[in-house]
Amino acid sequence: MVSRDIMRSTTRDFQMYYNPELHNEVRLDTNTNVLGDNPAASKFLKNIDIEINGYPNTYSNNLRDALAELYDLERSNFVVGSGSDEMLDVSFKTFTEWGDNCVSPVPSYTLYDYFVEMNGGKAIGVDLTEEFQLDVDAMLKPEAKIIIMPSPNNPTGNSFKSKDIEEILNRSKGIVIVDEAYGEYADESMVSRVNEFENLIVLRTFSKAYAMAGLRVGYAVASKPIADMMNCVKIPYSLNAISEWAAVAAVKDQEFIRRSVEMVRAERPYLADGLRKLGFEPFPSDSNFIMAKAPVDHAMLVSQLKAKGVMIRDFGSKRRTENCIRTTVGTRELNDLLLSKIEEVLREC
């Protein structure tokens, strides 16, 4: 039998990512947009007229131009690829040497360590404060080549304080990545400040608020020198032409984004209050999901809900999120369904 010793040493402990068996459950475990497919992208796909024999534009210039107009920046501030996960990979490929320290908060997005270690870096987790905010001095102590943080944070849902992010940017000698995968739902963003901080990279995605996860589109925003370095490392043609033009259409339909954000902001307190009445302890959230400490065993709750046709995400076995679950904020109908199914599980317990 072939041993894992044949793998590159930095990847031998890797396990496959979250990949549940599906049986038509209502999915509140992935934080995608519950309003359904992006209407502008869907309209484009239904009337598609693209020559598939030729390559797409090497660096997705049409989408970069659309994003530049949206943010009042320039094409050369953007790097575009197959999901923000590719942007993570490109960031570490571009800026880390073998053995470089790379810091991320705990808890945060589980795939950060994957990309760090896959690219030969040393992943260092730094606990957030008791209020789940950044411990600035502790984040800076390892003198990391890259410091990365999601804001709003996944899985806790809260945004980090702008003054803390700014202090890290000013004091760090390396690259600082602010992952704004859920940035559309938050009140503040670092995108407009990429020309102010030369070491700043902001990541964004079309998978969440834009409701286009199946098309795998993401982008990085940075100062022109940083973006140029990343584009030199990024795989040419990595974003296919169909996804690029669908994303261009979606960028031009900001009304759908506004409607999506308004729905979440109206329903988030309703869901949090409903969970609280059932004995949960919800975390404050600036995103389209809520993390909450469960009143019963986390694994049992998630399993029983799945059996009843509703999927949420289990974080209860991880450090700092002991016995916690995470659920997407749904429409009123979806939130009522979730709360009623949780109530059933609690009664059966």
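What counts and what doesn't
Residues numbered from 1 in each chain as written. Predicted model: local features only at pLDDT ≥ 70, side-chain atom pairs only at ≥ 80, totals over all residues. Heavy atoms only, no water. Helix = DSSP H or I, 4+ residues; strand = E, 2+ residues; numbered from the N terminus. Buried < 20%, exposed > 50% of the residue type's maximum accessible area, 1.4 Å probe, protein only. Contact = heavy atoms within 4.5 Å. Areas by Shrake-Rupley, 256 points an atom, 1.4 Å probe, with all protein chains shown as cover. Phe/Tyr/Trp six-rings, centres within 6.5 Å; stacked < 30°, edge-to-face > 60°. Lys NZ or Arg CZ within 6 Å of the ring centre and 35° of its normal. Pairing = 2+ DSSP bridges. Axes fitted to C-alpha atoms, helices over the stretch in contact; angles between N-to-C directions. Parallel < 35°, antiparallel > 145°, perpendicular 65-115°, else oblique. Nonpolar A, V, L, I, M, F, W, Y, C, P; charged D, E, K, R; others polar.

### Examining the overall build of the protein
- Looking only at helices and strands, the protein features eleven helices and 13 strands.
- Split into buried and exposed, the 349 residues of the protein put 54% on the buried side.
- Across the protein, every contact between residues at least 6 apart in sequence was considered, and the portion connecting residues at least 24 apart equals 72%.
- Total accessible area computed for the protein in this model is approximately 16300 Å², and 48% of it derives from carbon and sulfur atoms.

### Some points on the packing of aromatic side chains
- The final tally for this structure, using the stated rule, is eleven aromatic pairs.
- Centre to centre, the rings of Tyr71 and Phe78 are 6.2 Å apart; their planes meet at 25°, and the pair counts as stacked.
- Note on Tyr109 and Tyr112: the rings are 5.3 Å apart at their centroids and 90° apart in plane angle, and the pair reads as edge-to-face. Neither Tyr109 nor Tyr112 differs from the other in exposure class; each is buried.
- In textbook terms, an aromatic cluster arises when at least three aromatic residues are bridged by ring pairs, as seen for Tyr71, Phe78, Phe206, Tyr210 and Tyr219.
- A cation over an aromatic ring shows up here: Arg326 above the ring of Phe289, its NZ or CZ 5.5 Å from the ring centre.

### Section: the sheet that holds strand β2 (residues 78-81)
- What the seven strands build is an open sheet, ordered β2-β8-β7-β6-β5-β3-β4; its pairing is mixed. Looking along the sheet, the strands with just one partner apiece sit at the ends: β2 and β4 (122-127). Shown here is a sheet whose adjacent strand axes are inclined to one another by a mean of 20°, direction ignored.
- Strands β2, β6 (175-179), β7 (200-205) and β8 (218-222) of the sheet are contacted by helix α7 (residues 224-233), whose axis makes an angle of about 30° with β2.

### A short note on the packing of helix α9 (residues 254-277) against helix α11 (residues 332-348)
- Where α9 contacts α11, the two axes come as close as 10 Å, and the packing angle between them is 10°. Comparing the axis directions of α9 and α11 gives the class roughly parallel. Counting all contacts with α9, which are made through Glu267, Tyr270, Leu271, Gly274 and Leu275, the residues of α11 involved are Arg332, Asn335, Asp336, Leu338, Leu339 and Ile342.
- In terms of residue class, the contact of α9 with α11 is built from six nonpolar, two polar and three charged.

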